Amino acid sequence: MNLNKERMSARTVSHLKKGEKGIIKSFSDRAMSLKLLEMGCLPGCEVRLDAIAPFGDPICINVGGHYSLSLRLNEAAVIELE
Amino acid sequence: MKQGNIKVALVGNPNAGKSTLFNALTGLRQKTGNFPGVTVEKKSGTFRIAGVNGHDEAHVTLVDLPGTYSIYPKSKDETVVMDILANPKHPDFPDVVVIVADASNLQRNLLLFTEISDLGIPSVLALNMLDVAGSMNLTVNAVQLAMQLHVPVVRINARTGEGIKGLKEAVKQTVERTEKPVLQYFYEPKGNEIGLINEVKAIHHLDNDYVALQYVCQHDNFSFLEQPVRARLDALIEKYGFDENNFLANETVARYEKIKPIVSKAVKSEGVIEQPYWTRKLDSILLHRVWGYVTFAIVLLIVFQAIFAWASYPMDMIDVGTAGAIEWVKGALPPGVLNDLLTDGIMAGIGGIIIFIPQIAILFALVAVLEESGYMARVMVIMDKLMRRFGLNGRSVVPLISGVACAVPAIMTTRSISSRYERLLTILVTPLMSCSARLPIYTILIALVVPETKVLGLFNMQGIVLFGLYLLGLLGALGSAWLLSLFIPRKEPSYFMLEMPSYKLPRWGHVGFSMYESVKSFVLEAGKVIMAISIILWVLASYGPGESMNVAEQQVVATMTTAPQEQIDAAVASARLESSYAGQFGRFIEPVIKPLGYDWKIGIALLASFAAREVFVGTMATIYSISGDTEDVLTVKQRLTQEKNPETGTAMFSSAVCYSLLMFYVFAMMCMSTIAVVYRETHGWKWPLIQLAYMMALAYGSAFAVYQLLS
Ligand SMILES: Nc1nc2c(ncn2[C@@H]2O[C@H](COP(=O)(O)OP(=O)(O)OP(=O)(O)O)[C@@H](O)[C@H]2O)c(=O)[nH]1
Ligand SMILES: [Mg+2]
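Below is a summary of the structure that appears in this document. Computed from a predicted structure; not experimentally measured.

**Observations concerning the coordination of the magnesium ion (ligand 2)**
Residue and element names in this part refer to chain B. On the protein side, the magnesium ion (ligand 2) has Ser 19 (OG) and Thr 39 (OG1) as donor atoms, found 1.9 to 2.0 Å from it. Of this pair, Ser 19 sits in helix α1 (residues 18-26) while Thr 39 sits in the loop between α1 and β2 (43-50), and the two are 20 residues apart along the sequence. Accessibility expressed as a relative area gives 8% for Ser 19, which makes it buried. Judged by its relative accessible area of 11%, Thr 39 falls in the buried class.

In structure tokens:
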């Protein structure tokens, strides 16, 4: 319960504004977290919202300065920020 | 170590440059492109290395594999990698793995490296994309990396071929190394994993911990394991209470912990790490919420303008050329059945194909530029939300766009779509995109009914109709996807998550070559089919059951005694064709196609083009030359214009009939190769048959509606 409440209020990548940065803290979805980890989105890594597609979804984030990753808003909502 | 014959596999993250390196090493032309997921199946080639183990030279069999972020596959194409690497008995099991790493993002690329290294297969690390790393202010110290990773590390540039020699040398040295190095695992198993690993190792006679772990985690993907073996592994997992998801996350995190210090020692950055300047600038426009769509629309417009307007000049020249060639052959050979078969059948049929070389060349070249530049990945992003509405995925854009060239390779590219459901829907609708084989049919029918006027003083009316047909195909595909999605249950969640490659200038030589290749295969493949079908059709149209053809001829002669000789001849030819085998087939299906406005002659062409639609134009040429007068050489278009409807006496190819035919060919599944590839990709007859049925229903229905409306 407690955990859930915390999740609800956590700031995620989907809340970022264009150009805004954040540091990855954790992931709220198991299956998705594995994919993200394998793609180099690690806790402690800095991300920046670079672009938003027409109609607001998907978005493109820059991961640690190294590369650009495009994901849907619901996928971005899995990445919680510090 | 084996001598004289070495097997090497290329493994690495998607878009790291594996296929480019494969081409540089083997001299082959494996497809490359600047977005993740280009290669979807393994491809082999060979090259030589001089002086291995005292031999003069060694033959190397090189296997190019689909890219993966880890050895745990996330989509269909990725399963092949571990199916080979976990099975030493596999014919492609490599002596050496060359891991191609994108140096501009080394940390992530090394994850896969540590996994492969733990499997105990001798490996060489090839650092690629160093130019991109350079433009991001990164310098990579290969010597430092080699020392820390305990493998040879080679700096290469797969595009220019730099460092290839050093890579061959490193492969050679790895093969020649006689003593097996003690494996230092990057990931050390913990807790209950250890007991599980030991038991699996004992049962399967394995000597590697990490391979044993892969038996545990991935046995369902391994084609070399039988069902009872898989069940026993499942029982073991149960026994040890092994939580796979938990393990995978922990393993990945633990690996990165090992990788981080290695990378921070070997990679130095001057200033802030940023993506290359042009990539950031271009993305701010091409992914913009407004400009993103505007630029995409402009790109599409240019493609159509190119296919229709620019290609028309070379096409006119070819047209004149083939007509001249046919006339010359006709005059040079003695008149007779053989002459007619050669000129009116085969040459006219092939002429009907080669005239489309300019269009097909331009089409393939433009698709290659879209793929090579990195723009394709951006199109996937801006189209994802729209595609989702129809049950598809942003990644479906690649098969849909390449379906404009040919549905067969397009359907294969769907393997990189991770959701099985979205992949299936994409496979089912991709053949509705107007492929290059439809272009000849469209062009000839449009030329018959659409005037060559300018609209708004700018656009060619014929071009607009052509554009409309392509649009219709796209709308048909999206609409069908939506309809089908209502009936097919969705079982798994859908992912998008796509890495955006940095923009790269297309290599013009590469674009030119892919243009040449596609034209060659189009002409050869289509040429073969046309040749075969023309001959069969000629035979079927020249002979009939028993005396039927002569009887028909006598009847005509008897009833038309007063008519001029020319008319009698034409009527005789027509009557003979009608009572031939081909004519009887046509007659047989005439009741079915009558409501669409077609007579039995069109019926023959329809039947003949069932196997491959590109045959249609050639078949029409053959049929109308048999039934018409054979004196003058006429182009297909002229013959069609002259054809009269026997009942009304007006032109057979009225606009109602032409538009009805166009509708039919936009939607109809007239391609054996597509049916075969869908059968292969879906493992059964169910989906190809469903696809055939719904596309035919769509084709028949819309052709019927259009004919009834217009006539
Ligand atoms: N700048 C630069 N571009 C490269 C280099 N090597 C390859 N490329 C380009 O990178 C893109 C991807 O190359 P591919 O060979 O198709 O990549 P791949 O690893 O086979 O990709 P998948 O098959 O999708 O896994 C192509 O556009 C290449 O031209 C390099 O060293 N430098
Ligand atoms: Mg490839």
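What follows continues from the structure just given.
**Some words on the side chain of Asp283(B)**
Residues and elements named next belong to chain B. Along the chain, Asp 283 turns up in helix α11 (residues 277-286). Asp 283 gets classed as buried once you look at its relative accessible area, which sits at 9%. The residues touching Asp 283, leaving out its near neighbours within four places in the chain, are His 288, Arg 378 and Tyr 503.

**Considerations on α11(B)**
Residue and element names in this part refer to chain B. Among all positions in α11, only Thr 279, Asp 283 and Leu 286 are buried. Each buried residue of α11 lies within a common arc of 75° when the element is viewed along its axis, so the set occupies one face. Turning to α11, the residues buried within the fold contact α12 (291-310) and α16 (375-389).

**Things to note about the environment of Lys18(B)**
Residues and elements named next belong to chain B. Summarising the element assignment, Lys 18 is placed in helix α1. The buried category is assigned to Lys 18, whose relative accessible area is 5%. Each C-alpha atom, one on Lys 18 and one on Val 657, is 51 Å from the other, the two residues being 639 residues apart in sequence. Excluding residues that lie within four positions of it along the chain, Lys 18 makes contacts with Leu 10, Val 11, Gly 12, Asn 13, Asp 64, Leu 65, Pro 66, Gly 67 and Val 100.

**A closer look at unusual backbone geometry**
Across the chain, the bulk of peptide bonds are trans and the bulk of non-glycine residues have phi less than zero. Of note, the amide linkage connecting Asp57(A) to Pro58(A) takes the cis form, showing an omega dihedral of -5°. As for its placement among the helices and strands, Pro58(A) is situated in the loop between β2 (46-52) and β3 (59-63). In this structure, His683(B) is a non-glycine residue whose phi angle is positive, near 55°. Within the secondary structure, His683(B) is located in the loop between α30 (672-682) and α31 (686-710). Relative accessible area serves as the criterion here: at 63%, His683(B) is assigned to the exposed category.

**What to know about the sheet that holds strand β3 (residues 57-64) of chain B**
In a beta sheet, neighbouring strands are held together by backbone hydrogen bonds and run either parallel or antiparallel to one another. Residues and elements named next belong to chain B. In spatial order, the strands read β2-β3-β1-β4-β5-β7; together these six strands make up an open sheet with mixed pairing. Edge strands, defined here as strands with exactly one partner in the open sheet, are β2 and β7 (153-155). On average, each strand axis in the sheet is inclined to that of its neighbour by 25°, with strand direction left out of account. Pairing of β2 with β3, which is carried by eight bridges, proceeds in the antiparallel orientation. Paired with Thr 46 across the strands is Thr 61, a residue of β3. Each of β1 (5-12), β2, β4 (96-102), β5 (123-128) and β7 touches helix α6 (residues 164-176); the most contacted strand, β2, lies at about 85° to it.

**A closer look at the environment of Pro431(B)**
Residues and elements named next belong to chain B. Relative to the helices and strands, Pro 431 is located in the loop between α19 (420-429) and α20 (439-449). Classification of Pro 431 by relative accessible area gives buried; the value is 3%. For the pair Pro 431 and Gln 305, spaced 126 residues apart in the sequence, the C-alpha separation amounts to 23 Å. For Pro 431, the contacting residues outside a window of four places in its chain are Ala 407, Ile 411, Arg 438, Arg 613, Met 669, Thr 674, Gln 691 and Met 695.

**Some words on the packing of aromatic side chains**
All chains considered together, the criterion is met by 14 aromatic pairs over all chains. Residues Tyr277(B) and Trp278(B) carry aromatic rings whose centres are separated by 5.6 Å and whose planes lie at 80° to one another, so their mutual orientation is edge-to-face. Summarising the aromatic geometry, the rings of Phe513(B) and Tyr516(B) are spaced 6.0 Å apart at their centres and angled 55° between planes, so their arrangement reads as tilted. Residue Phe513(B) and its partner Tyr516(B) are located together in helix α22 (residues 508-542), separated by three residues, close to a single helical turn. Above the plane of the ring of Tyr495(B) lies Lys35(A), whose end atom (NZ or CZ) is 4.2 Å from the centre. The positively charged end of Arg255(B) is found above the aromatic ring belonging to Tyr210(B), 4.7 Å away from the centroid.

**Description of the site of ligand 1**
All names here are of chain B. In the vicinity of ligand 1 there are 26 residues, among which Lys 18, Thr 20, Thr 39, Asn 128 and Asp 131 approach most closely. At 2.8 Å, a backbone N or O of Gly 37 approaches an oxygen atom of ligand 1. Contact distances for ligand 1 include 2.8 Å between an oxygen atom and a backbone N or O atom of Val 38. Coverage of ligand 1 by the protein chains reaches 98% of its 660 Å² of free accessible surface. Per-element accounting of the shell around ligand 1 gives the leading share, three residues, to α1. Residues that form the shell around ligand 1 fall into these classes: eight nonpolar, twelve polar and six charged.

The rules behind each value
Residues numbered from 1 in each chain as written. Chains lettered and ligands numbered in written order. Predicted model: local features only at pLDDT ≥ 70, side-chain atom pairs only at ≥ 80, totals over all residues. Heavy atoms only, no water. Donors = N, O, S within 2.8 Å, 3.2 Å for Na, K, Ca; no water. Helix = DSSP H or I, 4+ residues; strand = E, 2+ residues; numbered from the N terminus. Buried < 20%, exposed > 50% of the residue type's maximum accessible area, 1.4 Å probe, protein only. Contact = heavy atoms within 4.5 Å. Arc of directions from axis to C-beta. Pairing = 2+ DSSP bridges. Axes fitted to C-alpha atoms, helices over the stretch in contact; angles between N-to-C directions. Phe/Tyr/Trp six-rings, centres within 6.5 Å; stacked < 30°, edge-to-face > 60°. Lys NZ or Arg CZ within 6 Å of the ring centre and 35° of its normal. Near = heavy atom within 4 Å. Polar contact = N/O pair within 3.5 Å; in protein donor to acceptor, adjacent residues only side chain to side chain. Areas by Shrake-Rupley, 256 points an atom, 1.4 Å probe, with all protein chains shown as cover. Nonpolar A, V, L, I, M, F, W, Y, C, P; charged D, E, K, R; others polar.

Everything listed is a geometric property; what it means functionally is a separate question.
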